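Residue-level listing of the chains:
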Amino acid sequence: MIFPITRHRRLRQSSGMRNMVRETVLTVNDFIQPIFITHGEGIKNEISSMPGIYHFSIDRLEEELKEIVELGISAVLLFGIPESKDEVGRSAFADDGIVQQATRKIKSLYPDLLVVADTCLCEFTDHGHCGMVHTYERDGHICGDVMNDESLELLVKTAVSQAAAGADIIAPSNMMDGFVQAIRTGLDDAGYTHIPIMSYSVKYASAFYGPFREAADSAPQFGDRKTYQMDPANVREALREAESDVAEGADMLMVKPALAFMDVISLLRQQFDLPLVAYNVSGEYAMVKAAALQGWINEKAIVTEMLLGMKRAGADIIITYFAKDMARWLREN
Ligand code: PBG
């Protein structure tokens, strides 16, 4: 490969030539659009740290779904903000819980739109942790331990009730050990052997979830999530997390967040052959939106480059708050 015989610019000289040799393409099938559903009526409120993303009450969902379906997006990921929270997150697994109700509504309006249910407790517990907590006082401060095996039972109940409501995919994001196996067994015992598990396998304890916690009202009331979510400094540990999820029966693996963890996406792509999901999280969205609103960056070009990067790294599917925007931009091209 020696100049002047080799000239890399030959294949870049026109858009036709560049289109022909392009290695990675984004399509609308790549995207999952998250939706926040809140209790109440007539609500469509913009989330302040996530411009363009709203809280919808169930009666206002239809307009949003119509747009999503017309754009050709095939899946939505549901997050629910319940009316009341308690110490074990009962409304996460209630038959008339907010996610269960929304799922039924969506499946009645658009049976072909895939509903992905985020299976976690943090939006439903009053302490904001993703599992059951044993609390105690130390030096005048309230402390708590998130209890692994006790939490599994609640997560299984949540997953089964989501499947019963019509969810097409169960996406557990709680990072308890053994959650895939527990949920797989629970779904199978309840007759949902056909429902796949999209596991949040490699989920880091990340500051990039900041805007989401405002949106889902799920910030932990004490402590942090570092005893269950992963240390951003670790990558070999990511392999161990993914390995156990594969062994426990996961159908898809996820890396979350995406932008600061492209090496992890790439590594999982090399090591595993299951479909791989990248979660382009709320903080990644907020940073781009903030700069775009200031006129500091070209939003469409930046988002395209970011999502292409995730795909190039090895993601097959991208959960992104930009799904609708990107679907529109792809159509314009
Ligand atoms: C629930 C959950 C979180 C996100 C997805 N599912 C928050 C968290 O773990 O604190 C974050 C999504 C985002 O930031 O866009 N456990």
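Residues numbered from 1 in each chain as written. Predicted model: local features only at pLDDT ≥ 70, side-chain atom pairs only at ≥ 80, totals over all residues. Heavy atoms only, no water.

Per an unreviewed UniProt entry, the protein chain goes by the name Delta-aminolevulinic acid dehydratase and belongs to Paenibacillus turicensis. As recorded by UniProt, the Subunit (unreviewed entry) comment attached to the protein chain reads in full: "Homooctamer." (UniProt positions renumbered as here; feature names shortened; annotations may be inferred.)

## What about a positive patch on the surface?
A contiguous patch of positive charge, built from R7, R9, R10 and R12, is present on the exposed surface. Take R12: it is sitting in the segment before helix 1 (15-21). (Patch = residues over 30% accessible without salt bridge, like charges linked within 9 Å, V, L, I, M, F, W, Y side chains within 5 Å. Areas by Shrake-Rupley, 256 points an atom, 1.4 Å probe, with all protein chains shown as cover. Salt bridge = Lys/Arg side-chain N within 4 Å of Asp/Glu carboxyl O. Lys, Arg positive; Asp, Glu negative; His and termini not counted. Charge placed at Lys NZ, Arg CZ, Asp CG, Glu CD. Helix = DSSP H or I, 4+ residues; strand = E, 2+ residues; numbered from the N terminus.)

## So, the side chain of K107
Turning to its location among the elements, K107 is positioned in helix 3 (residues 98-109). If we ignore the near neighbours within four places in the chain, the residues touching K107 are L113, L114, V115, G166 and D168. (Contact = heavy atoms within 4.5 Å.)

## Remarks on helix 2 (residues 61-70)
Among the residues of helix 2, those classed as buried are L61, E64, L65 and I68. The arc that holds the buried residues of helix 2, viewed along the axis, is 95 degrees, so those residues lie on one side. Among the residues trailing helix 2, G72 stands out with phi positive, at a value near 90 degrees. (Buried < 20%, exposed > 50% of the residue type's maximum accessible area, 1.4 Å probe, protein only. Arc of directions from axis to C-beta.)

## Brief notes about helix 3
With twelve residues, helix 3 ought to run about 16 Å at 1.5 Å a step, and its terminal C-alpha atoms sit 17 Å apart, in line with that. Every buried residue of helix 3 is accounted for by I98, V99, Q100, A102, T103, I106 and K107. Tucked inside the fold, the buried residues of helix 3 contact strand 1 (31-38), helix 2, strand 4 (75-81), strand 5 (114-119) and helix 4 (148-165). (Expected span 1.5 Å × (residues − 1).)

## Quick look at unusual backbone geometry
A cis geometry characterises the amide bond from F3 onward to P4, with omega recorded as 10 degrees. Its place among the elements puts P4 in the segment before helix 1. One non-glycine residue, D139, lies in the positive phi region at around 50 degrees. Positive phi is not limited to glycine here, since D217 has a value of about 50 degrees. With respect to the secondary-structure elements, D217 resides in the loop between helix 6 (210-216) and helix 7 (236-248).

## Observations regarding the pairing of strand 2 (residues 44-47)
Of the pairings in the sheet, the one linking strand 2 to strand 3 (residues 50-57) comprises four bridges and is antiparallel in character. In the sheet register, I47 faces strand 3, and the bridge partner there is M50. Where strand 2 folds back on strand 3, the antiparallel hairpin that results is connected by two residues. (Pairing = 2+ DSSP bridges.)

## Thoughts on the nonpolar core
Formed by 105 residues in total, the largest nonpolar core has its most connected members in I35, F36, L78, M198, L268, Y279 and Y321. Beyond its immediate chain neighbours, meaning those up to four positions away, F36 contacts I47, M50, I53, Y54, H55, F56, F79, I81, F212, A215, A216 and Y321. (Core = buried A, V, L, I, M, F, W, Y, C linked by side-chain atoms within 4.5 Å.)

## Here we look at empty space enclosed by the protein
One pass over the full model with this rule turns up two cavities of 30 Å³ or more. If you add up the space inside the largest cavity, you get close to 140 Å³. Lining the largest cavity we find 20 residues, and of these C122, K203, Y209, F212 and K256 sit closest to its centre. Elements with a contribution of two residues or more to the lining of the largest cavity: strand 9 (198-203) and helix 6. Of the residues assigned to the lining of the largest cavity, the class counts are ten nonpolar, four polar and six charged. The computed volume of the second largest cavity comes to approximately 50 Å³. Those elements giving two or more residues to the lining of the second largest cavity turn out to be strand 1 and strand 3. Along the lines of polarity and charge, the residues of the lining of the second largest cavity split into six nonpolar, two polar and one charged. (1 Å grid on protein atoms, 1.4 Å probe; cavity = no way out; pocket = protein on both sides within 12 Å on 5 of 7 lines; lining within 4 Å. Points joined across faces, edges and corners; volume = space filled by probe spheres on them. Nonpolar A, V, L, I, M, F, W, Y, C, P; charged D, E, K, R; others polar.)

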